[in-house]
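Structural overview for review
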Amino acid sequence: MDRLKLLKKNFYVKNTIIKELQESYQMELETVTNYLAISIDLDGARAEEIKKALAADITEELMHARQLGERIKQLGGFVPGSLALKFGQKCLQPPKDTTDVTSVIEGVIEAEDGAIKQYNKIIRLCDGHDYVTQDLCIRLLSSEEAHKVMFVGFLKEYRKKA
């Protein structure tokens, strides 16, 4: 491959990585927004453990967004501000029935699946091109997978009691 084609390919890959990191950044911030709302809105004794888990995860998800933002900046990209963000996370909207803990748990699992899919996409995209971003996304993926496992456990328990 001649030098010009290689430069074009590297430029394209880098810009694609930045775009996908911006998408992940947006997803993390949307999750923070929804976790905050749900951790406040849920009612009932059965909701307390879920509210505590979500409230604790807000800090972790915010840290993920910060790490993604820092990596975007390091790659020469721009961290999106509020007007550039487009939220659409339907699965994690606070339920109208504030005692519907099961739908919240299912929403968290679906959102985690989305984050896991997105981080796997970036990991594959970075392979052979950007090992720093790949390493970051592997660490974030591990965290999202652990969070999903915890909520799958909650779901098993809640379905058993229903």
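None of these values were measured; they are calculated from a predicted model. (Residues numbered from 1 in each chain as written. Predicted model: local features only at pLDDT ≥ 70, side-chain atom pairs only at ≥ 80, totals over all residues. Heavy atoms only, no water.)

Side note on the packing of aromatic side chains
Tallied over the entire structure, the rule returns one aromatic pair. Each ring, one from F151 and one from F154, has its centre 5.0 Å from the other, and the planes form 85 degrees; the classification is edge-to-face. Residue F151 and its partner F154 are both found in helix α4 (residues 131-161); the two are separated by three residues, about one turn of the helix. Pair check on accessibility: F151 and F154 agree, each one buried. (Phe/Tyr/Trp six-rings, centres within 6.5 Å; stacked < 30°, edge-to-face > 60°. Helix = DSSP H or I, 4+ residues; strand = E, 2+ residues; numbered from the N terminus. Buried < 20%, exposed > 50% of the residue type's maximum accessible area, 1.4 Å probe, protein only.)

Notes on the pattern of salt bridges
Under the counting rule described, the total for this entry stands at eight salt bridges. Among the salt bridges present, the one from E48 reaches K51, with a minimum N-O distance of 3.8 Å. Taken together, the positions of E48 and K51, both in helix α2 (residues 48-74) and three residues apart, correspond to about one turn of that helix. The partner of D135 in a salt bridge is R139, with the nearest N and O atoms 3.3 Å apart. (Salt bridge = Lys/Arg side-chain N within 4 Å of Asp/Glu carboxyl O.)

Focus: the environment of S103
Following the sequence through the fold, S103 ends up in helix α3 (residues 101-126). A polar atom in the side chain of S103 sits 3.0 Å from the side chain of D100. (Polar contact = N/O pair within 3.5 Å; in protein donor to acceptor, adjacent residues only side chain to side chain.)

Observations concerning the confidence of the model for the chain
Summarising the model, the chain shows a mean pLDDT of 94, and 99% of its residues fall at 70 or more. Considering each helix and strand of the chain separately, the mean pLDDT is smallest for helix α1 (residues 3-41), with a value of 92, and largest for α3, with 97. (pLDDT = per-residue confidence, 0-100.)

As for the environment of K73
Here K73 lies in helix α2. Classification of K73 as exposed rests on a relative accessible area of 60%. Spatially, the C-alpha atoms of K73 and K8 are 21 Å apart, while their sequence positions differ by 65 residues.

Some remarks on the nonpolar core
By size, the foremost hydrophobic cluster in this structure holds 21 residues, and its most contacted members are I17, L21, Y25, L68, Y119 and C137. Within the residue set of this core, elements represented by two or more residues are α1, α2, α3 and α4. Setting aside chain neighbours within four positions, we find L21 in contact with L68, R71, I72, L75, I122, T133 and C137. Counting 20 residues, the second largest nonpolar core, distinct from the first, contains A47, V104, I109 and F151. (Core = buried A, V, L, I, M, F, W, Y, C linked by side-chain atoms within 4.5 Å. Contact = heavy atoms within 4.5 Å.)

Topic: the packing of α2 against α3
Following both chains from N to C, one finds α2 and α3 inclined at 20 degrees, their axes separated by 13 Å at the closest point. Between α2 and α3, the crossing angle belongs to the class labelled roughly parallel. For the pair α2 and α3, the sense of crossing is left-handed. Contacts from I50, L54, E61 and L68 of α2 reach α3 at V101, V104, I105, V108, E112 and Y119. When grouped by side-chain class, the residues that make up the contact of α2 with α3 number eight nonpolar, no polar and two charged. (Axes fitted to C-alpha atoms, helices over the stretch in contact; angles between N-to-C directions. Parallel < 35°, antiparallel > 145°, perpendicular 65-115°, else oblique. Left-handed = near helix turned anticlockwise from the far one by under 90°. Nonpolar A, V, L, I, M, F, W, Y, C, P; charged D, E, K, R; others polar.)

Quick notes on the layout of surface pockets
When its volume is computed, the largest pocket comes out at roughly 270 Å³. The wall of the largest pocket is formed by 22 residues, among which M27, Q89, A111, G114 and A115 lie closest to the centre. For the lining of the largest pocket, the secondary structure elements donating two or more residues are α1 and α3. Here the lining of the largest pocket gets eight residues from one element, more than from any other, and that element is α1. Tallied by class, the residues present in the lining of the largest pocket amount to six nonpolar, seven polar and nine charged. (1 Å grid on protein atoms, 1.4 Å probe; cavity = no way out; pocket = protein on both sides within 12 Å on 5 of 7 lines; lining within 4 Å. Points joined across faces, edges and corners; volume = space filled by probe spheres on them.)

Concerning the side chain of E61
Checked against the element boundaries, E61 lands in helix α2. Here E61 sits buried without a salt bridge, and the closest side chain of opposite charge, R139, lies 14 Å off (N-O distance). Excluding residues that lie within four positions of it along the chain, E61 makes contacts with E28, T31, V32, Y35, E112, E144 and H147. (Lys, Arg positive; Asp, Glu negative; His and termini not counted.)

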